[in-house]
Amino acid sequence: MQKRPRQKITWLFAAALVAAAAASSLAPAGAGPRERLLYVAVGETARPPIGWVQFCAERPAECRAERSAPRDVQINKAVMQELVRVNRYVNEKIKPLTDLEQYGVIEKWTYPDSGYGDCEDYVLLKRKMLIGLGWPREALLITVVRDKKGDGHSVLTVRTDKGEFILDNQVEEVLPWADTGYRFVKRQSQADPNIWIALGDQRPTPFVAAR
């Protein structure tokens, strides 16, 4: 999938993003629709993407995980800066190339060790880097969406106490999920990365602080 033109990121933008999220989280109880936009609604269990299934078959150690309690990241300026930094680093380091062009198959999820990759490969690397930096796996959720053209696309959802933020190879900024313009289809469960859940119904998902 091809990347869209990038816009320059500044730490001022990151700070403003945190401030905006904080302001939204302080909305009064009567502001229901606005509050619901902080977190995408979750539904029933969904079928895992075939790319994830094949990735786990090839790299079982990467997918081996016991069920655990959901954990969200408590966001602040420094945390957001690190998120922005990882997103920008991977977007600049990896060049877009489809699986068909690189591997001769329609779909293959893997780490972009060659320096090239599809959207899922960007997501896998960002997730791996953040986990290596100490971020909780339960807050880093591989997510399948439909982009603004209606095409299938993958992004990384980061669950925080100020809402859900999206790391995307098509967009340089780290955006709240509701500002992406995407239709969210399914993602990993916080409790178990090998269980996937449908997105889009009206049930809220409460914040659970990381320990």
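Because the structure is predicted, anything quoted here is derived from the model rather than measured.

Novice: What is the right way to look at the overall build of the protein chain in this model?
Specialist: Counting its regular elements, the protein chain contains seven helices and nine strands. Within the span of the protein chain, comprising 211 residues, buried residues form 49% of the whole. In the protein chain, once contacts between residues fewer than 6 apart in sequence are set aside, the share between residues at least 24 apart is 68%. Summed over its atoms, the accessible surface of the protein chain is roughly 10,300 Å², and 56% of this surface lies on carbon and sulfur atoms.

Novice: Sorry if this is basic, but what is going on with helix α7 (residues 119–132) here?
Specialist: Think of an α-helix as turning once every 3.6 residues; residues three or four places apart then point the same way. Compared with an ideal rise of 1.5 Å per residue, which puts 14 residues at 20 Å, α7 spans 20 Å between its outermost C-alpha atoms and is within 8% of the ideal. The buried count for α7 comes to 10 of 14 residues, which makes it a mostly enclosed element. Every buried residue of α7 is listed here: C119, E120, D121, Y122, V123, L124, L125, K126, R127 and L130. Taken from the residues just after α7, G134 is the one with a positive phi, measuring 100°.

Novice: What should I look at first to understand the sheet that holds strand β1 (residues 42–46) in this one?
Specialist: Each strand in a sheet pairs with its neighbour through backbone hydrogen bonds, running either in the same direction (parallel) or in the opposite one (antiparallel). Read across the sheet, seven strands follow the order β1-β9-β8-β4-β5-β6-β7 without closing on themselves; strand pairing throughout is antiparallel. Unpaired on one side and paired on the other, β1 and β7 (171–176) mark the two borders of the sheet. For this sheet, the mean angle separating the axes of adjacent strands, direction not counted, is 30°. Pairing between strand β6 (residues 163–168) and β7: three bridges, direction antiparallel.

Novice: Please explain the packing of aromatic side chains as it appears in this structure.
Specialist: One pass over the full model with this rule turns up five aromatic pairs. Ring plane angle 80° and centroid distance 5.7 Å describe the contact between F55 and Y111, whose orientation is recorded as edge-to-face. Of this pair, F55 sits in helix α3 (residues 50–58) while Y111 is found in the loop between α6 (99–103) and β3 (116–117), placing the two residues 56 residues apart along the sequence. Given a relative accessible area of 2%, F55 falls into the buried group. The ring of Y103 is capped by K108, whose NZ or CZ atom sits 5.6 Å from the centre of that ring. Positioned over the ring face of Y111 is K128, at 4.5 Å from the centre of the ring.

Novice: Honestly, the pattern of salt bridges in this entry has me stumped. Any pointers?
Specialist: Within this structure, the stated rule accounts for eight salt bridges. Here E138 and R71 are joined by a salt bridge, their closest N and O atoms 3.2 Å apart. Here the residue E138 occupies a position in the loop between α7 and β4 (140–146), and R71 occupies one in the loop between α4 (60–63) and α5 (77–93), the gap between them amounting to 67 residues. Here R71 falls in the partly exposed class, since its relative accessible area comes to 23%. Among the ionic pairs, E138 bridges to R137, the shortest N-O distance being 3.8 Å. For the residue pair E138 and R137, the accessibility class agrees, reading buried in each case. Members of the salt-bridge network, linked through shared partners, are D72, R159, E164 and R187.

About the cut-offs
- Numbering of residues starts from 1 in each chain and follows the order in which that chain's sequence is written.
- Owing to the predicted nature of the model, reporting of local features is limited to residues with pLDDT of at least 70; listing and counting of side-chain atom pairs is limited to 80 or more, with chain, interface and lining totals taken over all residues.
- Each side-chain value is derived from all of the structure's non-hydrogen atoms; neither hydrogens nor water enter the calculation.
- The numbering of helices and of strands both runs from the N terminus, where a helix is a DSSP run of H or I of at least 4 residues and a strand a run of E of at least 2.
- Exposure classes here rest on a 1.4 Å probe applied to the protein chains alone. A residue is buried below 20% of its type maximum, exposed above 50%, and partly exposed in between.
- In what follows, a contact means two residues having at least one pair of non-hydrogen atoms within 4.5 Å.
- Where accessible areas are quoted, they stem from the Shrake-Rupley method and a 1.4 Å probe; at the residue level, only the protein chains shown are allowed to cover.
- The span expected for a helix works out to 1.5 Å for each residue beyond the first.
- Two strands pair if DSSP finds at least two bridges between them.
- The axes used here are C-alpha line fits, helices contributing only the stretch in contact, and every angle between their N-to-C directions lies in the interval 0 to 180 degrees.
- Side-chain rings of Phe, Tyr and Trp (the six-membered ring for Trp) are treated as a pair once their centres are within 6.5 Å; stacked means planes under 30 degrees apart, edge-to-face means over 60, and tilted covers the remaining angles.
- Counting as a charge over the ring demands two things of the Lys NZ or Arg CZ atom: a distance within 6 Å of the ring centre and an angle within 35 degrees of the ring normal.
- Any carboxyl oxygen of Asp or Glu that lies within 4 Å of a side-chain nitrogen of Lys or Arg is treated as forming a salt bridge with it.

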